Amino acid sequence: EKISNDDINKNTKPSTNDLPHSEDEDDKDIMDENSEEMKKFNNRVSVVKNRIAISGEVFNANSAKNFIAPVYDKTIDQNNRIEKSLKKNFIFNSLNEDQQKVIIGAMLIKKVNSNDVVIKEGDEGSELFIVGTGLLKCYKNIPDKDEQTFIRDYNPGDLFGELALMYNAPRAATIIANEESELFSLDRETFNNIVKAAVVNQRERHENFLRRIEFLNDLSEGDRAKICDCLITERLKKGDVIIKENDLGDKFYLIESGTAEAYKFDSNGKEIVVYEYKENDYFGELALLGNDPRQASVRVTSDKFIVASMDRDAFNRLLGSVKSRLYKNISKYQKYLDK
Ligand code: CMP
Ligand code: CMP
C-alpha cells in the first residue's frame, strides 16, 4: 500500500481545508492549563455551559461574541450513526446529552470520491471527521523517504482529524479516500466551543470532586491532576447494575453524584443490601486490591447517577501511595453487616 508524495499533491481537494477558521484564543493548546489563553478560555466555559443547560441550545442574545453551533439536516439513521460513534470516542466523553445533541446537529455531510485527499499532512486543520460509509486510508511521511508509509484504515464509525484541533498542530498524517465515502465533518469552532469547553469543564469538576474524597487527601496536587485525566465519566439511571457479584473486575469507581447500594445473596438466595453509597464514596476496590472476583453487586438507587471510573492500570499506577488506606477501610463492610 504505497503512495508517493506526488500522488497526494495531485489529488488534494482545496475545498477540504478551505473552511474559515478563527485565530482567537480558543485555538491554543488545551494541555497548557496555566497560559493566559487557557485562563480566558476557562472563563468562557461556564458561559457555554449555562447556555446549554438553560435553553438546550447554544444561544445568548446579549452578546455578539456568543457562539451558536450550526445545525445541518440529516436522516435519523445518520444521526444515530454519529451518536454511536461519539459514544465510543473518548474525546467526546465529557459531553452531557444536550452537548452531544448540539454536536450531532453540527455534523455536516461530505461526500468524497475514491483517491480524494481529505487531509494532507502538514496542512492547517479546520475540521474533524467521522466516517459514515466507505473506507479511507491513513499515511504518514517518513523523513528522507519519498514514499508515504501506510498507517491504518478508517471504517464507518471511526474518527480522524482530531489531533490538529485538540493540539493546534499541523495535520500529523494524510488521509485518502479508498472508495467513494460519506463523511460527517465537525468544524473547528464548534469543536472549540463545545468539546474543548466540556473537557476543561469536566477536568475542573473532577478536580473539585477528588478534593472531597477523603482517602485521597494525602495525594499531591500533581497526582490528583493525573487521576483527573484518566477518569472516565458514565451517566447511569436508577436500577442500572454497575458491578455483578462474582464477575471479574478491572475498574474502580468514584461516585460524583447520586446514590447506589451494594447487595449480595444469602444462602437461601435472598438478596441483602450490604452497603449504601452516596456521592464522594468509592467502590470496586476489592477486586483490584486482591485480584479476586467481585465480592458484591452494586446498583444505582437514585434517578440520576454520575460515576467516574479508572482501570486497573491507572489504579495501580496512581493510587499506590493511598492503597494502605483502602485496605484499612475494608473493615467498614463488616461494620455495616453487623448493624
Ligand atoms: P490530524 O493530525 O488532525 O490529521 C491527520 C489524522 O490522522 C490525525 O489527526 C489522526 O486522526 C490520524 N492518525 C492516525 N494515525 C496517526 C499517526 N500515527 N500519527 C498521526 N496521526 C494519525
Ligand atoms: P469489589 O469486590 O471489587 O466489587 C464489589 C464491591 O462492592 C466491592 O469491591 C466493594 O467496593 C463493595 N462492597 C460493599 N459492601 C461490601 C461487602 N459487604 N462485601 C464486599 N464488598 C462490598
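Because the structure is a prediction, the values reported are computed rather than measured.

Chemist: So, the site of ligand 1: which residues are in play, and what are the values?
Modeler: The immediate surroundings of ligand 1 are formed by 14 residues, with Gly161, Glu162, Ala164, Arg171 and Ala172 found nearest. For ligand 1, an oxygen atom lies 3.4 Å from a polar atom in the backbone of Leu163. One of the backbone nitrogen or oxygen atoms of Ala164 is found 2.9 Å away from an oxygen atom of ligand 1. Contact with the protein chains removes 84% of the 450 Å² of surface that ligand 1 exposes when unbound. Those elements that place two or more of their residues in the shell around ligand 1 are strand 5 (136–141), strand 6 (147–154) and helix 5 (163–167). In the shell around ligand 1, the residues fall into ten nonpolar, one polar and three charged.

Chemist: So, the pattern of salt bridges: which residues are in play, and what are the values?
Modeler: Applying the stated criterion to the full structure yields 23 salt bridges. Of the charged contacts in the structure, one is a salt bridge between Glu221 and Arg211, with a shortest N-O distance of 3.6 Å. Separated by ten residues along the polypeptide, Glu221 in helix 7 (residues 221–230) and Arg211 in helix 6 (residues 188–211) bring together distant segments of the chain. Residues Asp313 and Arg317 are paired through a salt bridge, measuring 3.7 Å at the closest nitrogen-oxygen approach. Of the two residues, Asp313 and Arg317 are both situated in helix 9 (residues 312–318); the distance of four residues between them amounts to about one turn of the helix. Overlapping salt bridges bring together Asp77, Arg81, Lys111 and Glu182 as one network.

Chemist: Tell me about the side chain of Glu285, and please be specific about residues and values.
Modeler: Here Glu285 shows up in helix 8 (residues 285–290). In this structure, Glu285 is buried with no salt-bridge partner, the nearest side chain bearing the opposite charge being Lys332 at 5.3 Å. Other than its neighbours up to four places away in sequence, Glu285 contacts Phe252, Phe315, Leu326 and Tyr333.

Chemist: An account of the sheet that holds strand 8 (residues 174–177) is needed here, citing residue identities and associated values.
Modeler: Strand order across the open sheet formed by five strands is 1-6-5-8-3, with antiparallel pairing between neighbours. Each having just a single partner strand, strand 1 (3–4) and strand 3 (117–119) make up the two edges of the open sheet. Two elements, strand 1 and strand 6, share two bridges in a ladder whose sense is antiparallel. Note on strand 6: the bridge partner recorded for Ile3 is Gln148.

Chemist: Which residues make up the packing of aromatic side chains, and what are the values?
Modeler: By the definition in use, this model includes twelve aromatic pairs. Centre to centre, the rings of Tyr154 and Phe160 are 5.0 Å apart; their planes meet at 50°, and the pair counts as tilted. Aromatic rings pair up to connect Tyr253, Tyr275, Tyr277, Phe283 and Tyr333 into one cluster. Above the plane of the ring of Tyr263 lies Arg299, whose end atom (NZ or CZ) is 4.0 Å from the centre. Sitting over the ring of Tyr282, Lys332 keeps its end group 4.2 Å from the ring centre.

Chemist: Kindly report on helix 6, identifying the contributing residues and their values.
Modeler: If you check helix 6, its first and last C-alpha atoms are 33 Å apart, about what 24 residues at 1.5 Å a residue would give, namely 34 Å. Counting buried residues in helix 6 gives 17 out of 24 residues, a clear majority hidden from the surface.

About the criteria used
- Residues numbered from 1 in each chain as written.
- Chains lettered and ligands numbered in written order.
- Predicted model: local features only at pLDDT ≥ 70, side-chain atom pairs only at ≥ 80, totals over all residues.
- Heavy atoms only, no water.
- Near = heavy atom within 4 Å.
- Polar contact = N/O pair within 3.5 Å; in protein donor to acceptor, adjacent residues only side chain to side chain.
- Areas by Shrake-Rupley, 256 points an atom, 1.4 Å probe, with all protein chains shown as cover.
- Helix = DSSP H or I, 4+ residues; strand = E, 2+ residues; numbered from the N terminus.
- Nonpolar A, V, L, I, M, F, W, Y, C, P; charged D, E, K, R; others polar.
- Salt bridge = Lys/Arg side-chain N within 4 Å of Asp/Glu carboxyl O.
- Buried < 20%, exposed > 50% of the residue type's maximum accessible area, 1.4 Å probe, protein only.
- Lys, Arg positive; Asp, Glu negative; His and termini not counted.
- Contact = heavy atoms within 4.5 Å.
- Pairing = 2+ DSSP bridges.
- Phe/Tyr/Trp six-rings, centres within 6.5 Å; stacked < 30°, edge-to-face > 60°.
- Lys NZ or Arg CZ within 6 Å of the ring centre and 35° of its normal.
- Expected span 1.5 Å × (residues − 1).

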